[in-house]
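# Geometric and topological summary
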Amino acid sequence: MKKTMTILVTGGAGYIGSHTCVELLEAGFNVVVVDNLFNSKHEAIRRVEQITHQEISFYELDILDKHGLDRVFRSHEIDAVIHFAGLKAVGESCLQPARYYQNNVNGTLVLLEAMHDAGVKKLVFSSSATVYGDPQSVPIREDFPLSATNPYGRTKLMIEDILRDFSTADQLANTPNPWKIALLRYFNPIGSHVSGLIGEDPRDIPNNLMPYVLQVAVGKLSQLSIFGDDYPTHDGTGVRDYIHVVDLAKGHLKALAALNKDFYAEGACRPFNLGTGNGYSVLDMVNTFQQVIGKPVNYKIAPRRSGDIAVCYADPAYAEHALDWRAEKSLADMIVDAWRWQESNPLGYDS
Ligand code: NAD
Ligand code: WQD
């Protein structure tokens, strides 16, 4: 009988992690989560269990705790790791760079050491479209030049470099069990599971567009500031590739499957864009929200936000070809599902 695969999910109580846990459990994987709950609540894990009627082995643990990680690897026969754990607020990373390098880069190094010691060398890593910096053209392909404009982005670039180096070293040494790594470069995840039970639950005032729009529409915040209307785009506001978080979550299962395919046989570290290939402006998002949900979003035009780029959207062709994955949900799906979560949980998991 085929053994059920066990996946360790770091940061599994977070926004993307919790949605990925649902998909993993529904696909028949055993799921072990390690999360220090810095930016999440245990309630997210409980809700995932409620949706799937299955249990998660949960450890409240920091990935910087090597002994703790070793214990987790000893307690479960882990087949692969999906690594979400990290800090992700761009503005905060500019003010507290040491914290970001320590948590994201050192945290990943500790995790890699624990994986190596346990002989687990399959990894799916949460990278970001931020590694393309300000791209010369769109759509963005995986072979575009990489750069970063803030400490958060640099942590993602550094981790990508570290993972490429680990993989190259194994290939040079012809290691029998080489690193097999998928770098998933997410574009802009939004939306929620269709149940409305899990979703994005920002700790403070949201930095990202969609949670801000939701909190204005629900009456928690008074007005959205649209950061700039003088960009070289169809209506002057910034254009992004918004992707439904459930489509994104499914991409992780496709990446896990790919690690067992022939093109990973000798070990490799490969990047994949997870985006839809469509670009929508801030005003497109606000207008679509108002049309689909039928609620007004009070906004004003404000100056550009420092560090923002005009346009960013993916060429997702490589992920489609190599992973057999493509985003399926529409912008209306993303907005309806996001609103369902917001409306039924106005205070997030504390509701
Ligand atoms: P999130 O903050 O909701 O989830 C991250 C989780 O990691 C949280 O539950 C947090 O408590 C946990 N965590 C952080 N540091 C930890 C540590 N040292 N030890 C253990 N747990 C720790 O964020 P998310 O939106 O779900 O993002 C997941 C990953 O995807 C992150 O690495 C993020 O950088 C990356 N990413 C996110 C986006 C986005 O827009 N949401 C875009 C691109 C990439
Ligand atoms: C989208 C658009 C804003 C808020 C960030 C990170 C990136 C990645 C995803 C992790 C832009 C505009 C926003 C607001 C606005 N995270 N906006 N008013 O900037 O594309 O990406 O999150 O890897 O690294 O930089 O996403 O949602 O913040 O902004 O007008 O209150 O909405 O200017 O054009 P962004 P976002």
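Below you will find a few notes about this structure.

## Considering the environment of Met285
Among the secondary structure elements, Met285 is positioned in helix 9 (residues 282-293). When its relative accessible area of 2% is taken as the criterion, Met285 is described as buried. The spatial distance from the C-alpha of Met285 to the C-alpha of Gly119 is 45 Å, given a sequence separation of 166 residues. Aside from chain neighbours lying at most four places away, what touches Met285 is Ile190, Leu209, Met210, Tyr242, Tyr280, Leu331 and Ile335.

## What about the site of ligand 1?
Near ligand 1, the surroundings consist of 26 residues, among which Asp35, Asn39, Ser40, Phe84 and Tyr152 are the closest. One of the backbone nitrogen or oxygen atoms of Ile63 is found 3.0 Å away from a nitrogen atom of ligand 1. Protein contact buries 95% of the 820 Å² of open area that ligand 1 shows by itself. Broken down by secondary-structure element, the contributors of at least two residues to the shell around ligand 1 are helix 1 (15-26), strand 5 (122-128) and helix 6 (151-172). Looking at which element gives the most residues to the shell around ligand 1, the answer is strand 5, with 3 residues. Among the residues making up the shell around ligand 1, the classes are represented as 12 nonpolar, 10 polar and 4 charged.

## Let's talk about the state of the cysteines
Linking two cysteines covalently through their sulfur atoms gives a disulfide. The tally for this structure, following the rule as stated, stands at 0 disulfides. Note on Cys312: no disulfide assigned, nearest cysteine sulfur contributed by Cys94 at a separation of 17 Å. Note on Cys312: relative accessible area 6%, which makes it buried.

## Brief notes about the site of ligand 2
Of all residues adjacent to ligand 2, which total 18 residues, the nearest are Ser128, Tyr152, Ser225, Arg240 and Asp308. One of the side-chain nitrogen or oxygen atoms of Ser128 is found 2.8 Å away from an oxygen atom of ligand 2. Within the backbone of Ser225, a nitrogen or oxygen atom sits 2.7 Å from a nitrogen atom of ligand 2. For ligand 2, whose unbound accessible area comes to 680 Å², protein coverage reaches 86%. Ranked by residue count, the leading element in the shell around ligand 2 is strand 8 (residues 224-227), at 4 residues.

Conventions we followed
Residues numbered from 1 in each chain as written. Chains lettered and ligands numbered in written order. Predicted model: local features only at pLDDT ≥ 70, side-chain atom pairs only at ≥ 80, totals over all residues. Heavy atoms only, no water. Helix = DSSP H or I, 4+ residues; strand = E, 2+ residues; numbered from the N terminus. Buried < 20%, exposed > 50% of the residue type's maximum accessible area, 1.4 Å probe, protein only. Contact = heavy atoms within 4.5 Å. Near = heavy atom within 4 Å. Polar contact = N/O pair within 3.5 Å; in protein donor to acceptor, adjacent residues only side chain to side chain. Areas by Shrake-Rupley, 256 points an atom, 1.4 Å probe, with all protein chains shown as cover. Nonpolar A, V, L, I, M, F, W, Y, C, P; charged D, E, K, R; others polar. Disulfide = S-S within 2.5 Å.

Without other data, these values stay purely geometric and don't point to any function.
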